[in-house]
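Below, each chain spelled out in residue letters.
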Amino acid sequence: MAFGGFPHTFHDGRRKRKHLALKDMEGDEEERVCGKWRVACCLNSYNLRDVFTWRLLKTIIMGQVLSLLICGTAVSCQYLANAKVETPMLQSFLNYVLLLLVYTTILGTRKGDRNLLQILKTKWWKYLLMGLADVEANYAVVKAYQFTTLTSIQLLDCFVIPVLMVLSWFFLKTRYRLVHFVAVTVCLLGVGAMVGADILAGRDQGSTSHVVLGDGLVLLSAGLYAVSNMCQEHTVKNLSRVEFLGMMGLFGTLISGIQLAVLETCAVAAIEWNFHISMLFAVYALCMYALYSFMPVVVKMTSATAVNLSLLTADLFSLFSGIFLFNYTFSTLYIISFVVITVGFVMFNALPTYSALPESSSSEDDPAEVFADRTAESPSDRLLSAGRDSQGAETLTAVAAL
């Protein structure tokens, strides 16, 4: 009986083991496929400490500092407008002069092949175009307020983000993942909530004399800002922050000075100068100077796209200031908009983008900082390495099976 039943029991055990092995293989295959999708979409499960790092917190804080600086320029502009002073080119000219006095002077005192004369000999036309794009972008968006509404400007000004992403993809070889596109969509939804709050609060102000012209100026400004920001990211990541700011100060002063002489001579002569007006010009110029000086630092840490996402909260800071300074009507949608934009910004920076081309470090980088950047592994690097490890494991399993 015992010997007669053994073969049947033996075969049953083999079938059970074979069935369990097939189930394990199917489960492993399903897990590998899901793992590949999670790695491709950057939604792979890993410790939250790998995402919410001190670097991310520092990026968020620095981005909001930039927004506060823009808020300072907006508030000073509003006070100047209330005083019947409308000289946007003069205000930009003061900022470029400060950049010229500080950073262009530093370039002029350098020795070697990175000094001002050598840069002008080899790359003057590149920085001329960069300065032209920056100056005209500032002028076009300010000019648009004379022809279209605030709502149109707030909505169309966001066009800079998709344009910048496209330019970065083709020229800087920046590669985005699914989560980055989702994050941008979330931020734009936050802008939509802010615009809705403006309409409900009756702040859809501005002119409607030539809406098409005004909207075209906003789109032109967004495209020029995208070009300028892309060039800024390339320069500060591959050359140096001082070189970018020095050349921007030189050519920005030259271009804005010419436009100032042509367009605003009468407006400047009509200003009734006093201590109050002088302080407003000083506040605007210092905020713009700090913004231009600080922005390349944040761009180098993240990207120009991430910086523009953080700047979406600048309008909200201006609105919050306007509630106390200019008696704007408060709306709960402002708070919702701020939270939504912040969530989108965190999503975008939680998983860094990567470049298809290797970056060359700036000549001004601190060696210790460069070493830390090279040794510190980002969450996206871990995801990519996880994908490579899983592929390597599959290869080893196949070899072992043979």
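None of the values given here were measured: they were computed from a predicted structure.

Asker: Please explain the overall build of the protein chain as it appears in this structure.
Answerer: Scanning the protein chain for helices and strands turns up 16 helices and 2 strands. When the 402 residues of the protein chain are sorted by exposure, 44% land in the buried category. Expressed as a percentage of contacts within the protein chain between residues at least 6 apart in sequence, the contacts between residues at least 24 apart total 90%. By element, 68% of the accessible surface of the protein chain is carried by carbon and sulfur atoms, the whole surface being about 21500 Å².

Asker: Honestly, the confidence of the model for the protein chain in this entry has me stumped. Any pointers?
Answerer: Interpretation of the predicted coordinates at a detailed level should be avoided for regions scoring low in pLDDT. For the protein chain, the mean per-residue pLDDT works out to 77, and 72% of the residues sit at or above 70. The element-level mean pLDDT for the protein chain is lowest in helix 15 (residues 367-375), coming to 40, with helix 9 (residues 241-263) highest at 94. In this model residues 33-41 is a low-confidence stretch, pLDDT under 50, and it forms 10 contacts with partners more than four residues away in sequence or in other chains. Taken as a whole, residues 365-402 scores under 50 in pLDDT and shows 26 contacts with residues more than four places along the chain or in a different chain.

Asker: Looking at this structure, how should I read the nonpolar core?
Answerer: Side chains of a nonpolar character, in soluble globular proteins, are inclined to be buried together. Core analysis: the largest hydrophobic core is formed by 41 residues, its most contacted members being Leu66, Leu99, Met247, Phe281, Tyr292, Met295 and Val307. Where this core is concerned, the elements lending two or more residues are helix 2 (54-82), helix 3 (88-109), helix 4 (116-144), helix 9 and helix 11 (275-301). Those residues within four positions of leucine 66 in sequence are excluded, and the remaining contacts are Leu291, Phe294, Met295, Val298, Val307 and Leu311. Ranked by size, the runner-up nonpolar core spans 32 residues in total, among them Ile60, Ala197, Val346 and Phe348.

Asker: Just to check I follow, could you spell out the packing of aromatic side chains for this structure?
Answerer: To describe a pair of aromatic rings, one takes the distance between the centres and the angle between the planes. In this structure the tally under the stated criterion is 6 aromatic pairs. Measuring from ring centre to ring centre gives 6.1 Å for tyrosine 176 and phenylalanine 181, while their planes differ by 65 degrees; the resulting arrangement is edge-to-face. Given a relative accessible area of 9%, tyrosine 176 falls into the buried group. Among the residues examined, phenylalanine 181 registers a relative accessible area of 42% and is labelled partly exposed. A cation over a ring is seen here: arginine 175 above tryptophan 169, with NZ or CZ 4.2 Å from the ring centre.

Asker: How should the side chain of lysine 123 be read in this particular structure?
Answerer: Topologically, lysine 123 is positioned in helix 4. At 2.9 Å, the side chain of lysine 123 and the side chain of glutamate 243 are in polar contact. Leave out the neighbours within four places in its chain, and lysine 123 touches Leu239 and Glu243.

Asker: When you look at a nonpolar patch on the surface in this model, what are you seeing that I'm missing?
Answerer: A contiguous nonpolar surface patch, about 390 Å² in accessible area, is contributed by Trp54, Leu57, Ile61 and Val65. Secondary-structure assignment places valine 65 in helix 2.

Asker: Looking at this structure, I do not really get the environment of proline 296. What am I missing?
Answerer: Its place among the elements puts proline 296 in helix 11. Not counting chain neighbours up to four residues away, the residues in contact with proline 296 comprise Gln232, Val236, Arg241, Phe244 and Leu245.

Asker: How should helix 9 be read in this particular structure?
Answerer: A turn of α-helix holds 3.6 residues, and therefore any two residues three or four places apart point the same way. A rise of 1.5 Å per residue sets the reference length of helix 9, with its 23 residues, at 33 Å; its end C-alpha atoms lie 31 Å apart and thus fit the reference within 8%. The opening residue of helix 9, the one whose side-chain oxygen lies 3.1 Å from the backbone nitrogen of glutamate 243, is serine 240.

Asker: Whenever I open this one, the pattern of salt bridges confuses me. Can you help?
Answerer: It is possible for side chains bearing opposite charge to pair when their charged atoms get close. For the structure shown, the criterion picks out 2 salt bridges. Here lysine 123 ties to glutamate 243 by a salt bridge, and the two come within 2.9 Å at their closest N and O atoms. Of this pair, lysine 123 sits in helix 4 while glutamate 243 sits in helix 9, and the two are 120 residues apart along the sequence. Of the charged contacts, one joins glutamate 233 and lysine 237 as a salt bridge, the two residues approaching to 3.2 Å between their closest N and O atoms. Of the two residues, glutamate 233 and lysine 237 are both situated in helix 8 (residues 211-238); the distance of 4 residues between them amounts to about one turn of the helix. On the basis of relative accessible area, glutamate 233 is assigned to the buried category, the value being 5%. Residue lysine 237 is classed as buried on the basis of its relative accessible area of 11%.

Asker: Help me out: how do you make sense of the packing of helix 8 against helix 11 in this one?
Answerer: In a pair of packed helices, the angle between the axes and the distance between the axes together describe the arrangement. Axis separation between helix 8 and helix 11 bottoms out at 9 Å; the angle between their running directions is 80 degrees. In terms of orientation, helix 8 and helix 11 fall into the roughly perpendicular class. Between helix 8 and helix 11, the contacting residues are Gln232, Glu233, Val236 and Lys237 on the first element and Met295, Pro296, Val299 and Lys300 on the second. Grouping the amino acids of the contact of helix 8 with helix 11 by side-chain chemistry returns 4 nonpolar, 1 polar and 3 charged.

Asker: Can you help me understand unusual backbone geometry in this one?
Answerer: Most peptide bonds are trans, and most residues other than glycine sit at a negative phi. If you check the backbone angles, lysine 84 has positive phi at about 65 degrees while not being a glycine. Along the polypeptide, lysine 84 turns up in the loop between helix 2 and helix 3. One non-glycine residue, lysine 173, lies in the positive phi region at around 60 degrees. Checked against the element boundaries, lysine 173 lands in the loop between helix 6 (160-172) and strand 1 (174-175).

Reading the values: the criteria
- Residues numbered from 1 in each chain as written.
- Predicted model: local features only at pLDDT ≥ 70, side-chain atom pairs only at ≥ 80, totals over all residues.
- Heavy atoms only, no water.
- Helix = DSSP H or I, 4+ residues; strand = E, 2+ residues; numbered from the N terminus.
- Buried < 20%, exposed > 50% of the residue type's maximum accessible area, 1.4 Å probe, protein only.
- Contact = heavy atoms within 4.5 Å.
- Areas by Shrake-Rupley, 256 points an atom, 1.4 Å probe, with all protein chains shown as cover.
- pLDDT = per-residue confidence, 0-100.
- Core = buried A, V, L, I, M, F, W, Y, C linked by side-chain atoms within 4.5 Å.
- Phe/Tyr/Trp six-rings, centres within 6.5 Å; stacked < 30°, edge-to-face > 60°.
- Lys NZ or Arg CZ within 6 Å of the ring centre and 35° of its normal.
- Polar contact = N/O pair within 3.5 Å; in protein donor to acceptor, adjacent residues only side chain to side chain.
- Patch = residues over 30% accessible without salt bridge, like charges linked within 9 Å, V, L, I, M, F, W, Y side chains within 5 Å.
- Salt bridge = Lys/Arg side-chain N within 4 Å of Asp/Glu carboxyl O.
- Expected span 1.5 Å × (residues − 1).
- Axes fitted to C-alpha atoms, helices over the stretch in contact; angles between N-to-C directions.
- Parallel < 35°, antiparallel > 145°, perpendicular 65-115°, else oblique.
- Nonpolar A, V, L, I, M, F, W, Y, C, P; charged D, E, K, R; others polar.

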